[in-house]
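# Topology and contacts: notes
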Amino acid sequence: MPTIVTIDPVTRLEGHLAVDVTIETADGKQQVVDAFISGTSFRGFEVMLMDRDPFEAPHLTQRICGVCSVPHGVAATMALEKAGHSTIPENARLLRNLVMGANFIQSHILHFYHLSLLDYVGGPSMPPWEPQWNVDHRIGPDDSARLVDHYKAALVAVRQTNEMAALFAGRQPHSPAFVSGGFTNVPTTTQIAEFRKYCRLITDFIRNVYIPDVDFVASRYLDYSQLGRGYGNLLAFGGFALDAAGEKQFFTRGRVTNGAKEIKSVNPEVITEQVTYSWYDNGSTNRHPSNGVTQAVHPKNGAYSWIKAPRYEGEPYETGPLARMTIGGLYQKGISVNDRHKARAVEALTIAEALPGWLNAIKLGEPVYTNCAIPAEADAIGLTEAPRGALGHWMKIRNSRIAHYQVVTPTCWNGSPRDDQQKPGPIEKALVGTPVEDSKQPIEVLRIIHSFDPCLACAVHVCQPSTSARIVKF
Ligand code: NFE
Ligand code: MG
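All values reported here derive from a predicted model rather than from experimental measurement.

## Some remarks on the overall build of the protein chain
Scanning the protein chain for helices and strands turns up 11 helices and 16 strands. Along the first, second and third principal axes, the C-alpha set of the protein chain runs to 65 × 55 × 40 Å. A buried classification covers 59% of the 474 residues belonging to the protein chain. Taking all contacts inside the protein chain whose residues are at least 6 apart in sequence as the whole, residues at least 24 apart take part in 72%. Carbon and sulfur atoms make up 52% of the accessible area of the protein chain, which amounts to about 17900 Å² in all. When the 45 basic and 47 acidic side-chain charges of the protein chain are each reduced to a single mean position, those positions are 2 Å apart.

## Details of the sheet that holds strand β14 (residues 389-398)
Spatial strand order, β13-β14-β15: three strands in an open sheet with antiparallel pairing. Each end of this open sheet is capped by a strand with a single partner; those strands are β13 (378-386) and β15 (401-408). Each adjacent strand pair in this sheet contributes to an overall mean axis angle of 15°, direction not counted. Sheet topology note: the β13/β14 ladder contains nine bridges and is antiparallel. In the sheet register, Ala-386 faces β14, and the bridge partner there is Gly-389. Of the strands in this sheet, β13, β14 and β15 are in contact with helix α3 (residues 69-83), which crosses β13 at around 150°.

## What about empty space enclosed by the protein?
Following the criterion strictly, the structure yields four cavities of 30 Å³ or more and no others. Computed from the structure, the largest cavity encloses a volume of approximately 520 Å³. Lining the largest cavity are 29 residues, with Arg-43, Ile-64, Thr-409, Cys-412 and Leu-456 sitting closest to its centre. Per-element accounting of the lining of the largest cavity gives the leading share, three residues, to helix α9 (residues 410-414).

## Re the coordination of the magnesium ion (ligand 2)
Angles at a metal have ideal values that depend on geometry: 109.5 degrees with four tetrahedral donors, 90 or 180 degrees with six octahedral donors. Here the magnesium ion (ligand 2) is held by Glu-46 (OE) and Val-407 (O), and the distances to it run 2.1 Å. You can see Glu-46 sitting in helix α1 (residues 45-48) and its partner Val-407 sitting in strand β15, a full 361 residues away along the chain. One exposure class covers both Glu-46 and Val-407, and it is buried.

## What about the nonpolar core?
Formed by 115 residues in total, the largest nonpolar core has its most connected members in Ile-109, Phe-168, Ile-206, Tyr-210, Leu-431 and Ile-449. Beyond its immediate stretch of four places on either side in the chain, Tyr-210 contacts His-108, Ile-109, Phe-112, Tyr-113, Phe-205, His-341, Arg-344, Ala-345 and Ala-348. Counting 22 residues, the second-largest nonpolar core is a separate cluster that includes Ala-57, Ile-64, Ala-79 and Leu-80.

## Quick notes on the coordination of the nickel atom of ligand 1
Those protein atoms acting as donors to the nickel atom of ligand 1 are Cys-65 (SG) and Cys-455 (SG), and they sit at 2.2 Å. Separating the nickel atom of ligand 1 from the iron atom of ligand 1 is a distance of 3.2 Å. With Cys-65 in the loop between α2 (57-62) and α3 and Cys-455 in the loop between α11 (443-451) and β16 (470-473), this pair connects stretches of sequence that are 390 residues apart. The pair Cys-65 / Cys-455 is uniform in exposure class, with both members buried.

## A few points about the site of ligand 1
The local shell around ligand 1 consists of Cys-65, Cys-68, His-72, Ala-386, Pro-387, Arg-388, Leu-391, Thr-409, Pro-410, Thr-411 and Cys-455. Within the side chain of His-72, a nitrogen or oxygen atom sits 3.1 Å from an oxygen atom of ligand 1. Contact distances for ligand 1 include 2.7 Å between an oxygen atom and a side-chain N or O atom of Thr-411. Judged by its atoms lying within 2 Å of the grid points, ligand 1 is housed in the largest cavity. Taken together, the residues of the shell around ligand 1 sort by class into seven nonpolar, three polar and one charged.

## What about the pairing of strand β2 (residues 17-26)?
Judged from the five bridges that link them, strand β1 (residues 3-7) and β2 form a sheet pairing that is antiparallel. Counted as the bridge partner of Thr-3 is Ile-23 from β2. Pairing geometry for β2 and strand β3 (residues 29-39), over 10 bridges, is antiparallel. Residue pairing in the sheet places Leu-17 in a bridge with Gly-39 of β3. Counting the residues that bridge the hairpin from β2 to β3 gives two residues, and of these Asp-27 lies at a positive phi of roughly 50°.

## Side note on helix α5 (residues 141-169)
Across its 29 residues, α5 extends 41 Å between first and last C-alpha, which sits within 8% of the 42 Å expected from 1.5 Å per residue. Positive phi shows up at Gly-170, right after α5, with a value of about 90°.

## Remarks on the pattern of salt bridges
Overall, the coordinates contain 25 salt bridges when judged by the stated rule. Among the ionic pairs, Glu-385 bridges to Arg-324, the shortest N-O distance being 2.7 Å. Placement of the pair is Glu-385 in strand β13 and Arg-324 in helix α7 (residues 321-327), with a sequence separation of 61 residues. Glu-385 sits in the buried class, given a relative accessible area of 0%. A salt bridge links Asp-379 to Lys-396; its shortest N-O distance comes to 3.6 Å. Of this pair, Asp-379 sits in strand β13 while Lys-396 is found in strand β14, placing the two residues 17 residues apart along the sequence. A network of salt bridges, in which partner residues are shared, links Asp-136, Arg-138, Asp-223 and Arg-447.

Calculation rules
- Residues numbered from 1 in each chain as written.
- Chains lettered and ligands numbered in written order.
- Predicted model: local features only at pLDDT ≥ 70, side-chain atom pairs only at ≥ 80, totals over all residues.
- Heavy atoms only, no water.
- Helix = DSSP H or I, 4+ residues; strand = E, 2+ residues; numbered from the N terminus.
- Buried < 20%, exposed > 50% of the residue type's maximum accessible area, 1.4 Å probe, protein only.
- Contact = heavy atoms within 4.5 Å.
- Areas by Shrake-Rupley, 256 points an atom, 1.4 Å probe, with all protein chains shown as cover.
- Lys, Arg positive; Asp, Glu negative; His and termini not counted.
- Charge placed at Lys NZ, Arg CZ, Asp CG, Glu CD.
- Pairing = 2+ DSSP bridges.
- Axes fitted to C-alpha atoms, helices over the stretch in contact; angles between N-to-C directions.
- 1 Å grid on protein atoms, 1.4 Å probe; cavity = no way out; pocket = protein on both sides within 12 Å on 5 of 7 lines; lining within 4 Å.
- Points joined across faces, edges and corners; volume = space filled by probe spheres on them.
- Donors = N, O, S within 2.8 Å, 3.2 Å for Na, K, Ca; no water.
- Core = buried A, V, L, I, M, F, W, Y, C linked by side-chain atoms within 4.5 Å.
- Near = heavy atom within 4 Å.
- Polar contact = N/O pair within 3.5 Å; in protein donor to acceptor, adjacent residues only side chain to side chain.
- Sits in = over half its atoms within 2 Å of the grid points.
- Nonpolar A, V, L, I, M, F, W, Y, C, P; charged D, E, K, R; others polar.
- Expected span 1.5 Å × (residues − 1).
- Salt bridge = Lys/Arg side-chain N within 4 Å of Asp/Glu carboxyl O.

Right under this line is the structure:
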């Protein structure tokens, strides 16, 4: 007899997510046979942007999130600069990369220590370590105590990465420095020297604490190198521009299908968002984002999420550090829970090691801004990478106002519900086949969901209020 277990909210992620998993017993073992991921809050930024001055797009879209605001600023300014046929100065490109690099690192450290580690390690008898499920924690008291210390050290590291980004960005999150045409801050020798100091501290932390901790936890949970694979489809738009036109990117654009070795090209024209199972008007399903519509319909028969279902040529794709590192040839092991954590840590180090080069390339006294005249009419697109994966902004300008704006975030890809063909989203698929020891405390489900680092809205951290999952049907 199948059991449907609901976890609502799934905590230790950004925003509001719920999951229903169907658990069945096969060969004497319980396992997940189906999963439904639901984004439970409506934000409506795309609607809010309508009829605004296009110049506001980087500032408003950064408010989508408190963790990944920087890439939204980058995507929106890229779109505006495409509209204005404007090429930003070298210094602006470098400053954007430096701020976005610090932003990625803070997100990755925060994710491992503050959002994921509690799935694997028992901590002191106090929040946020309690209340906690009584599950298979395979790490002994001494190692747990060390990891709890690192949890605290990681709070400092996260603060440092935010301070580091704010040196150039003015503040974090939601920087006013991201403007079409460049950057508002003129860097000084003091800022550069300070940023360099933070680089050293953070690189040390990633190399000597974060990566060893990821390896250590994985060594105790080796079965998670086989769990949570999903479709094996990986997608990256590419990010961190290496030239003025943004043609060359530090993280490359590409696509992998079904875990194959071949890196395929990406054609953004074949992306659509499907809404049969989302609380949006069915008439708007399967549209390219340049033509997409955000028309909320709630309640709606069969729908179960506020997330739309982005698809590439009709297929679901996982996006994020594992996709980027695999596509860039920087990580080539597998696709699993442990691989996602490791690829994220490898990416943090890769970025930390790139930062000094970008810092050294800044030319003091050279411009950070060039005028970018936005035309009265334009169709524009900004594709980049955010910590959680491929990010796209599609904009139409008419009569000098925003006439259309669609954002497809990484978690739309990863956390999407069924599409028009009933094909589950990547996290839903990754959950299927997962063995579950105790359906009242399905920690395995949380470990898989957290490995994707989902973000459904801005940061809300809540303690799991009850000690068991809610079983809603038998
Ligand atoms: Ni709110 Fe984000 C990232 C974007 S959402 S954290 O990374 O875009 O998936
Ligand atoms: Mg959208």
